[in-house]
Amino acid sequence: MNINIKKGKKLILFDGVCNLCNNSVQYVIKHDNSDLFMFAALQSNTGKQIIETFKIDTSKMDSILLFNPKKNNITYKSSAALKVAFHLGFPTSLLSAFLIVPAFIRNWVYDFIAKNRYKWYGKKEACMIPTPELKSKFLD
């Protein structure tokens, strides 16, 4: 897999047409004081390449994905969201305490929100285009 992620970074893959997802990305960018995260839409070439490499069934996976190139692994759903939150500083980092809750419970809540996100938050016609100053944080 040939993905151009800067050394020491983690990649957040998100639904590029989802308003909730786009707002979440904006929140992460604003609070990522250690500049740890890069971003790519699931619909992008990078997103498609990771989905193919890890054989992710997109019909069953309606989720944020956190790709850690150092470990070459993917974290899904609530675990991904909480691991991102851990790196965003106080008070957001406190949300990572929910990792002690069993994943099947956390993911039930996550899936409920994911299933309703377009109805509640709306949907864009196309993936967001990052501003020139944020472009370095995004892969295709």
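For the structure itself, look to the data block above.
Counting restarts for each chain: residues are numbered from 1 in the order of the written sequence. This being a predicted model, a pLDDT of at least 70 is required before a residue's local features are given, and a value of 80 or more before pairs of side-chain atoms are given or counted; all residues contribute to the totals for chains, interfaces and linings. To get the side-chain values, take all heavy atoms of the structure and skip hydrogens and water.

## So, the sheet that holds strand β4 (residues 73-76)
Phase 1: Strands sit in the order β2-β1-β3-β4 across an open sheet of four strands; the sheet is mixed. In this open sheet, the two edge strands, each paired with only one partner strand, are β2 (37-41) and β4. The average undirected angle you get between the axes of adjacent strands in this sheet is 25°.
Phase 2: Note on definitions: a residue-residue contact is assigned when non-hydrogen atoms from the two residues lie within 4.5 Å. Here, axes are lines fitted to C-alpha atoms. For helices the fit covers the stretch in contact, and angles between N-to-C directions go from 0 to 180 degrees. Numbering of helices and strands runs from the N terminus, with a helix taken as a DSSP run of H or I at least four residues long and a strand as a DSSP run of E at least two residues long. Along the sheet, helix α2 (residues 45-53) contacts β1 (10-14), β2, β3 (65-68) and β4; its crossing angle with β1, the most-contacted strand, is approximately 100°.
Phase 3: Taken strand by strand, helix α3 (residues 77-86) contacts β1, β2, β3 and β4, and its axis lies near 100° from that of β4. Any two strands between which DSSP finds at least two bridges are classified as paired.

## Re the nonpolar core
Phase 1: In these notes, a set of buried Ala, Val, Leu, Ile, Met, Phe, Trp, Tyr and Cys residues joined through side-chain atoms within 4.5 Å is what counts as a nonpolar core. Each residue's exposure class comes from its accessible area (1.4 Å probe, protein chains only) as a fraction of the maximum for that residue type: buried when under 20%, exposed when over 50%, partly exposed otherwise. Ile-12, Phe-14, Val-28, Phe-37, Phe-39, Val-84 and Phe-138 are the most contacted members of the largest nonpolar core, which has 17 residues in total.
Phase 2: Residue assignment for this core shows that the elements contributing at least two residues are β1, α1 (19-31), β2 and α3.
Phase 3: For this core, the element with the most residues is α1, which contributes four residues.
Phase 4: If you look at the next biggest cluster of nonpolar residues, it comprises 14 residues, including Ile-3, Leu-11, Ala-40 and Ile-74.

## Quick word on the pairing of β3
Phase 1: Both faces of β3 are covered, namely the face carrying Leu-65 and Phe-67 and the face carrying Leu-66 and Asn-68.
Phase 2: The pairing of β1 with β3 spans three bridges and is classified as antiparallel. Note on β3: the bridge partner recorded for Ile-12 is Leu-66.
Phase 3: Sheet analysis places β3 next to β4, joined by four bridges and oriented antiparallel.

## Some remarks on the pairing of β1
Phase 1: With respect to burial, β1 is a largely interior element, four of its five residues being buried.
Phase 2: Relative to β2, β1 runs parallel, the two sharing five bridges. Paired with Leu-13 across the two strands is Ala-40, which belongs to β2.
Phase 3: Here a crossover is taken to be right-handed if, once the strands point away from the viewer, the path from the first strand over the helix to the second is traced clockwise. Between the parallel elements β1 and β2, the chain passes through α1 in a crossover that is right-handed.

## Quick notes on helix α4 (residues 103-121)
Phase 1: Note that bend, as reported per residue, equals the angle between axes fitted to the 7 residues terminating at that residue and the 7 residues originating from it. Taking the largest bend as the criterion, α4 deviates by roughly 45°, centred on Lys-115.
Phase 2: Buried residues of α4: Arg-106, Asn-107, Tyr-110, Ala-114, Asn-116 and Arg-117, and no others.
Phase 3: The inward-facing, buried residues of α4 contact α1 and α3.
Phase 4: Positive backbone phi, approximately 90°, marks Gly-122, located one or two places after α4.

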